[in-house]
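# Chains, contacts and geometry: an overview
These are the residues of each chain, in order.
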Amino acid sequence: NAGVMQNPRHLVRRRGQEARLRCSPMKGHSHVYWYRQLPEEGLKFMVYLQKENIIDESGMPKERFSAEFPKEGPSILRIQQVVRGDSAAYFCASSPKLVQGTQPQHFGDGTRLSIL
Amino acid sequence: DAKTTQPPSMDCAEGRAANLPCNHSTISGNEYVYWYRQIHSQGPQYIIHGLKNNETNEMASLIITEDRKSSTLILPHATLRDTAVYYCIALNSGGSNYKLTFGKGTLLTVNP
């Protein structure tokens, strides 16, 4: 999936550590979305951000998870004090503007987070 | 957003057309039909979307029935690289229309 860059591709953390996942949207895209895919499940929406604003975080767990999309630099999904249940693939998508049914989201190849 | 129903799996011979069905009988007038696919270990890839009219791009064709209760994604000449899980998603054009809801999709296996 050319365009949306996520890193790292694989991340291993021990329980209690912090995980930082980065996403650079496609050029010209100012809207970023994060999704999580648990093993054997479909992708679930987590959060929608625009530059310096969180628009919708209704899919984010209430504790330990946070996201930002600063004026400069990539979007960051941060997970504090990770637990085994956080093991999943985290995908970022971007679009040029709010999807009005005509602008598709384009996805990166994800970060596979493994918690030991 | 309307619920969509897809068969869990399908097989297709390499070089033949793959026709993937999707039912969305409760779709409303302002809901688009989107198709994505996910190849193993990769992120979802956008394929095509439509509202009422049939659509075609370099990847596929989308045929939507006149009553909009179902649609078919057509890969005209399937290759081994088209083996993936295909997702049909109904997405409205207003409100929180950015929340893509991925169900279980259809696992398409293209056989040599």
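Before reading further, recall that the structure is shown in the block above.
Throughout what follows, the structure given in this document is the object of discussion. Because the structure is predicted, anything quoted here is derived from the model rather than measured.

### Details of the interface of chain A and chain B
Residue-level contacts link 25 residues of chain A with 21 residues of chain B. Across the chain A to chain B interface the summed buried area is about 1,800 Å²; carbon plus sulfur atoms make up 51%. Viewed at the interface, chain B and chain A are joined by one salt bridge. In this structure, Asp 56 of chain A engages Lys 99 of chain B in a salt bridge whose closest nitrogen and oxygen atoms are separated by 3.4 Å. Linking chain A with chain B are 11 residue pairs in polar contact (both at pLDDT 80 or more), by the criterion used here. Going through the elements one at a time, strand S4 (31–37), strand S5 (43–50) and strand S10 (106–107) of chain A are the ones with two or more residues in the side of chain A that touches chain B.

### Digging into the side chain of Asp 56 of chain A
Structurally, the position occupied by Asp 56 of chain A is in strand S6 (residues 53–56). A distance of 2.6 Å separates the side chain of Asp 56 of chain A from the side chain of Tyr 98 of chain B, its partner in a polar contact. Apart from residues no more than four positions distant in its own chain, Asp 56 of chain A is found in contact with Phe 45, Met 46, Val 47 and Tyr 48 of chain A together with Tyr 98 and Lys 99 of chain B.

### Considerations on the pattern of salt bridges
Residue and element names in this part refer to chain A. One pass over the structure, following the stated rule, counts five salt bridges over all chains. Among the salt bridges present, the one from Arg 78 reaches Glu 18, with a minimum N-O distance of 2.8 Å. Remark: Glu 18 occurs in the loop between strand S2 (10–13) and strand S3 (19–24) and Arg 78 occurs in strand S8 (residues 75–79); sequence separation between them is 60 residues. The exposure class of Arg 78 is partly exposed, given its relative accessible area of 27%.

### Focus: the side chain of Arg 37 of chain B
All names here are of chain B. Relative to the assigned elements, Arg 37 resides in strand S3 (residues 31–38). Looking at Arg 37, the relative accessible area reads 10%, which means it is buried. Side-chain polar atoms of Arg 37 contact the side chain of Tyr 86, separated by 3.0 Å. Once residues lying within four places of it in the same chain are set aside, the contact partners of Arg 37 are Gly 43, Pro 44, Gln 45, Ile 47, Met 59, Arg 81, Asp 82, Ala 84, Val 85 and Tyr 86.

Rules and cut-offs
- Residues numbered from 1 in each chain as written.
- Chains lettered and ligands numbered in written order.
- Predicted model: local features only at pLDDT ≥ 70, side-chain atom pairs only at ≥ 80, totals over all residues.
- Heavy atoms only, no water.
- Contact = heavy atoms within 4.5 Å.
- Buried area = accessible area lost by both parts, 1.4 Å probe.
- Salt bridge = Lys/Arg side-chain N within 4 Å of Asp/Glu carboxyl O.
- Polar contact = N/O pair within 3.5 Å; in protein donor to acceptor, adjacent residues only side chain to side chain.
- Helix = DSSP H or I, 4+ residues; strand = E, 2+ residues; numbered from the N terminus.
- Buried < 20%, exposed > 50% of the residue type's maximum accessible area, 1.4 Å probe, protein only.

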